[in-house]
Amino acid sequence: MPPLERLQATFLLSAPSLKQAPRDTLPEIAFAGRSNAGKSSVLNCITGNRRTAKVSKTPGRTQLLNFFSIHLPGDTEQIAGRIVDLPGYGYAKAGKQAQAQWQQAVNDYLSRRDNLVGVVLVMDIRHPNQAFDQDLIGWAQASELPLRVLLNKADKLGRGAAQKVLQQLQSTYKGSPSFTAQTFSATKNTGRETLIAYVLDQFGASAA
Ligand code: GDP
């Protein structure tokens, strides 16, 4: 089978808190990242669907947990799992109260959601491993939850420079079995098939 170039995604719902999240046992992968790291662009890239990113950028939805159903490859009926787009950290326009509510919803989701099988953390490769990123990675390590870092906007650096950032990050977290990282470019589709395979793998579904 050739590598899969896109995931079929359908917007399911936006939840202001964990209470409104779907009640079933489907596996979920959460996408997190600092605002402007390119999280929406990454989602758009792997689903090949502009609406995916648009949903998450709709005013009023930027502070919500946005759930997308991911179809089993080659089977439009069956759902393999869900991608949960977490609110971007450090959203500039959010007031203090909104930020606190954001934090609560994200903390609740990450710490109490049984469906969660992995986290994809999007970083801007030019500003990797900031305080928020370190907190999330540390938490995932402590929880033994698989976490994949995307060093996005790799097209902004030369190949050698991008590989250097990747190696540096991998060496920082070596010895952590659930930590993985890759370079990515949402604008050039670099790393897209690798990420799609990772997501399906976390769902326990293969691309075949
Ligand atoms: P979000 O706030 O994390 O959802 O970020 P967006 O997806 O809105 O992206 C923020 C900005 O970065 C936009 O101007 C995007 O066009 C740009 N961007 C996102 N991904 C990439 C990438 O891989 N390469 C480049 N050069 N720009 C990107």
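Just above, that's the structure.
Residues numbered from 1 in each chain as written. Predicted model: local features only at pLDDT ≥ 70, side-chain atom pairs only at ≥ 80, totals over all residues. Heavy atoms only, no water.

Peer 1: Would you mind showing me how to read the pattern of salt bridges here?
Peer 2: A side chain of one charge can pair with a side chain of the opposite charge if their charged atoms are brought near each other. As enumerated under the stated definition, the model contains nine salt bridges in all. Arg192 is paired through a salt bridge with Glu5; the nearest N and O atoms lie 3.8 Å apart. One end of the pair, Arg192, is in helix α6 (residues 192–203); the other, Glu5, is in the segment before β1 (9–15), and 187 residues separate them in sequence. One salt bridge in this structure joins Asp108 and Arg112, with 3.4 Å as the shortest N-O distance. Within this pair, Asp108 and its partner Arg112 are both found in helix α3 (residues 96–112), separated by four residues, close to a single helical turn. What makes Asp108 buried here is its relative accessible area of 16%. (Salt bridge = Lys/Arg side-chain N within 4 Å of Asp/Glu carboxyl O. Helix = DSSP H or I, 4+ residues; strand = E, 2+ residues; numbered from the N terminus. Buried < 20%, exposed > 50% of the residue type's maximum accessible area, 1.4 Å probe, protein only.)

Peer 1: Explanation requested: the sheet that holds strand β2 (residues 28–33) in the structure shown.
Peer 2: On the basis of which strands lie adjacent, the open sheet formed by seven strands has the order β1-β3-β4-β2-β5-β6-β7 and mixed pairing. Each having just a single partner strand, β1 and β7 (179–183) make up the two edges of the open sheet. Taken pair by pair, the neighbouring strands of this sheet meet at an average axis angle of 25 degrees, ignoring direction. Inspection of the sheet shows β1 paired to strand β3 (residues 65–71) by six bridges, in the antiparallel sense. In the sheet register, Thr10 faces β3, and the bridge partner there is Ser69. Relative to the sheet, helix α4 (residues 131–143) contacts β2, β5 (116–124), β6 (147–152) and β7, its axis offset from that of β5 by approximately 160 degrees. Here α6 sits on the sheet in contact with β2, β3, β4 (79–85), β5, β6 and β7, set at roughly 135 degrees to β2. (Pairing = 2+ DSSP bridges. Axes fitted to C-alpha atoms, helices over the stretch in contact; angles between N-to-C directions. Contact = heavy atoms within 4.5 Å.)

Peer 1: Where do I start with the site of the ligand in this structure?
Peer 2: Surrounding the ligand, one finds 16 residues, the nearest of these being Asn36, Ser40, Ser41, Asp155 and Ala186. Between Ala37 and the ligand, the recorded distance is 3.3 Å, taken from a backbone N or O atom to an oxygen atom. At 2.7 Å, a side-chain N or O of Asp155 approaches a nitrogen atom of the ligand. Protein coverage of the free-state accessible area of the ligand, which is 580 Å², stands at 75%. (Near = heavy atom within 4 Å. Polar contact = N/O pair within 3.5 Å; in protein donor to acceptor, adjacent residues only side chain to side chain. Areas by Shrake-Rupley, 256 points an atom, 1.4 Å probe, with all protein chains shown as cover.)

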